[in-house]
Amino acid sequence: MACTSCSTSDGGAPKGCKNNGTCGTDSCNKLTVFDWLSNMSLPNGDAPFDCVEVRFKNGRKEFYRNTEKLTLSMGDIVATVASPGHDIGIVTLTGELVKIQMKKKGANYLGNEIPKIYRKASQKDIDIWSTARDREEPMKVRARELAIAQKLEMKISDIEFQGDGSKATFYYTANDRIDFRALIKDFAKEFSTRIEMKQVGFRQEAARLGGIGSCGRELCCSTWLTDFRSVNTSAARYQQLSLNPQKLAGQCGKLKCCLNYELDTYMDALKDFPDFETKLVTEKGDAICQKQDIFKGLMWFAYTNNFANWHVLKIEQVKEIVAENKLKNKVSSLEDYAIEIVAEPEKNFNNAMGQESLTRFDQPKPKKKPNKKRKPAGENAIVANNNKPANNNNNNRQNSNDKKPAEPRKPIIITKNVDKK
């Protein structure tokens, strides 16, 4: 998803976006954070915060301590501590904002367990890192073949090599627990490297792989969403969405995370509404709610003996009828309270620019008329009699009028003289 060799050009600027990882239009900013404190200077005598945020493949981020007092900025490639060896990553955040991020993630920035940064990556480190990254895709194909051969119900979604190429981490998804001890032996024999297996959830898999959602934009989980909250079908019910699993599910197969975005707004609006299960008692019969319009403050009711006719009431009128019913009084009918909704006039947009209609391709194409002309006779056609026309339609008409049957034609024999030597 990111730029090719994003930070390997001269001067430390990325080849893809030229903004040292701070771009807002390219995929170099995957799960990045805008440093809004970068232009602010520290008070006199205060040392800058010595921890930085480093991003690895597909949005994996870790915090590291800058013990060597290196001058680091966003987009720098650094060599960090790993087990075993070292790893290569890109600095995504520096300064005081890292402390806020560590508090948000629950990391103890005062402890000694935070790993450290060795140095800025040299060209040799970057070459080894790029070579290891090129091995990941063909290795993933072969790893899936080995997993299928052992009939394991698991999916290997991604492979991540360590920066020095000494270890490969296999990310997989599975519904149940998998015994992959024999599979690790096959991997070690096939790839000749240290193997580590990590199981991830389906949402984490979609975040690592990325993709385009039904809205036409890149997935939220792969660009800016860092925490995955549980999504229930009640969120779709409160927003009056169709409970269609194909429309409510994302690429991960779970309910879309965006169902929670506007849920709080709907919940606040529903506080002023009567309960959806409210039953109105009238002299004409009982009526139950069929539909709500949260933004316009309307409710549709229908009698239990006639669900075909719906009556539109405002929420104030519904509360008035409910108050009368609590006093054990029946209103006459819903028609006395119903309002008429005036249909909005249809908007006809004029073609001011002289452009063609957008629906010109929707009309069916006219069918072509069959060609009634006769095709010319081929080379192998039967030789017709010179005295009689080739078209026999007139002869057939004459024969149909005569009582006597037509005489059969005599075959015409054509002979050729062949010289015999």
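Just so it is clear, the structure is predicted and the values come from calculations on it, not from any experiment. (Residues numbered from 1 in each chain as written. Predicted model: local features only at pLDDT ≥ 70, side-chain atom pairs only at ≥ 80, totals over all residues. Heavy atoms only, no water.)

Points about the overall build of the protein chain
Under the convention used in this document: Working definition: helices are DSSP H or I runs of at least four residues, strands are E runs of at least two. Numbering for both runs from the N terminus. Whether a residue is buried, partly exposed or exposed follows from its accessible area with a 1.4 Å probe, protein chains only, as a fraction of its type maximum: under 20%, in between, or over 50%, in that order. We call two residues contacting when some pair of their heavy atoms lies within 4.5 Å. For the area figures, the Shrake-Rupley method with a 1.4 Å probe applies, and any residue is considered shielded solely by the protein chains shown.
For the protein chain, the count of helices and strands is ten helices and twelve strands. Taking all 421 residues of the protein chain together, the buried fraction comes to 33%. Look at the contacts in the protein chain between residues 6 or more apart in sequence, and 58% of them connect residues 24 or more apart. Entry remark: accessible area of the protein chain is about 30,100 Å², with carbon and sulfur atoms responsible for 50%.

Overview of the sheet that holds strand β10 (residues 285-293)
Note the following rule: Each pair of strands is called paired provided DSSP finds at least two bridges between the two strands. Throughout, an axis means a line fitted to C-alpha atoms (over the contacting stretch in the case of helices), and angles, computed between N-to-C directions, take values from 0 to 180 degrees.
The strand order across the open sheet formed by four strands is β9-β10-β11-β12, and the pairing between neighbours is antiparallel. Looking along the sheet, the strands with just one partner apiece sit at the ends: β9 (279-282) and β12 (306-314). Ignoring which end each strand starts from, the neighbouring axes of this sheet average 35 degrees apart. Taken together, the four bridges between β9 and β10 define a ladder with antiparallel strand orientation. Paired with Val-281 across the strands is Asp-286, a residue of β10.

Remarks on helix α9 (residues 315-326)
What counts is decided by this rule: How far a helix is expected to stretch is found by multiplying one less than its residue total by 1.5 Å.
Here α9 contains twelve residues, and its C-alpha end-to-end distance of 16 Å stays within 8% of the 16 Å for a straight helix at 1.5 Å per residue. Considering only its buried residues, α9 is in contact with β9, β11 (298-303) and β12.

Section: the packing of helix α3 (residues 136-149) against helix α4 (residues 181-191)
Stated precisely, the cut-off is as follows: For this classification, under 35 degrees means roughly parallel, over 145 means roughly antiparallel, 65 to 115 means roughly perpendicular, and everything else is oblique. Crossing handedness follows the turn of the near helix against the far one: under a right angle anticlockwise gives a left-handed crossing, and clockwise gives a right-handed one. When residues are grouped by polarity, Ala, Val, Leu, Ile, Met, Phe, Trp, Tyr, Cys and Pro land in nonpolar, Asp, Glu, Lys and Arg in charged, and all others, Gly among them, in polar.
Close contact between α3 and α4 brings their axes to 10 Å; oriented N to C, the two are set at 140 degrees. One way to sum up the angle between α3 and α4 is to call them oblique. Handedness of the α3/α4 crossing: right-handed. Across the interface between the two elements, Met-139, Arg-142, Ala-143, Leu-146 and Ala-147 of α3 pack against Leu-183, Asp-186, Phe-187, Glu-190 and Phe-191 of α4. When the residues that make up the contact of α3 with α4 are grouped by side-chain class, the tally is seven nonpolar, no polar and three charged.

Quick notes on the side chain of Asp-158
Put simply, the test is: Think of a polar contact as two N or O atoms within 3.5 Å of one another; within protein, one of them needs to be a possible hydrogen donor and the other a possible acceptor, and neighboring residues in sequence only count if both atoms come from side chains.
Tracing the chain through its elements places Asp-158 in strand β6 (residues 155-161). For Asp-158, the side chain forms a polar contact with the side chain of Lys-57, separated by 3.0 Å. Leaving out residues up to four positions away in the same chain, Asp-158 has contacts with Lys-57, Asn-58, Lys-140, Thr-169, Phe-170, Tyr-171, Arg-208 and Leu-209.

Regarding the packing of aromatic side chains
Which entries qualify depends on this criterion: Whether two aromatic rings pair depends on their centres lying within 6.5 Å, for rings of Phe, Tyr and Trp, where Trp uses its six-membered ring; planes under 30 degrees apart make the pair stacked, over 60 edge-to-face, and the rest tilted. Distance and angle both matter: a charge sits over a ring if NZ of Lys or CZ of Arg is within 6 Å of the ring centre and within 35 degrees of the ring normal.
With the rule as written, the count across this model stands at eight aromatic pairs. Centre to centre, the rings of Phe-56 and Tyr-64 are 6.1 Å apart; their planes meet at 70 degrees, and the pair counts as edge-to-face. Summarising the burial analysis for this pair, Phe-56 and Tyr-64 share the class buried. Considering the side-chain rings of Phe-170 and Phe-187, the 4.8 Å spacing of their centres and the 15 degrees angle between planes classify their relative orientation as stacked. With Phe-170 in strand β7 (residues 167-173) and Phe-187 in helix α4, the pair connects residues that are 17 residues apart, well separated along the chain. In textbook terms, an aromatic cluster arises when at least three aromatic residues are bridged by ring pairs, as seen for Phe-170, Phe-187 and Phe-191. The positively charged end of Arg-208 is found above the aromatic ring belonging to Tyr-171, 3.8 Å away from the centroid.

Describing the sheet that holds strand β2 (residues 61-65)
An order of β2-β1-β4-β3-β5 is seen for the five strands of this open sheet, with the pairing classed as antiparallel. Looking at strand neighbours, the two that pair on one side only are β2 and β5 (117-120), the edges of this open sheet. Sheet twist, expressed as the average angle between the axes of neighbouring strands with direction ignored, equals 45 degrees. Pairing analysis gives three bridges linking strand β3 (residues 77-81) to β5, with the strands arranged antiparallel. Of the residues in β5, the one forming a bridge with Val-78 is Lys-120. Along the sheet face, helix α2 (residues 123-134) touches β3, β4 (86-93) and β5 and points at about 100 degrees away from the line of β4.

Things to note about the pairing of β6
By the criterion of burial, β6 is predominantly enclosed, with six of the seven residues buried. Counting the residues between successive antiparallel strands, the hairpin from β6 to β7 contains five residues, one of them, Gly-165, with a positive phi of roughly 75 degrees.

Some thoughts on the pairing of β11
Counting buried residues in β11 gives six out of six residues, a clear majority hidden from the surface. Neither face of β11 is open: one carries Leu-298, Trp-300 and Ala-302, the other Met-299, Phe-301 and Tyr-303, and all of them are buried. When β10 meets β11, the two strands line up antiparallel, connected through six bridges. If you follow Gln-292 over to β11, its bridge partner there is Met-299. In textbook terms, the turn of a hairpin is the stretch between consecutive antiparallel strands, and for β10 and β11 this stretch comprises four residues, one of which, Gly-297, has a positive phi near 70 degrees. Pairing between β11 and β12: five bridges, direction antiparallel. Its bridge partner lying in β12, Tyr-303 is registered against Asn-306. The turn joining β11 and β12, which pair antiparallel and follow one another in sequence, is formed by two residues.

Observations regarding unusual backbone geometry
The general pattern is negative phi for most residues beyond glycine and trans for most peptide bonds. The omega angle of the peptide bond from Ser-83 to Pro-84 is -10 degrees, so this bond is cis rather than trans. With respect to the helices and strands, Pro-84 occurs in the loop between β3 and β4. For Ser-192, which is not glycine, the phi torsion reads 55 degrees and is therefore positive. Checked against the element boundaries, Ser-192 lands in the loop between α4 and β8 (194-199). The exposed category is assigned to Ser-192, whose relative accessible area is 65%.

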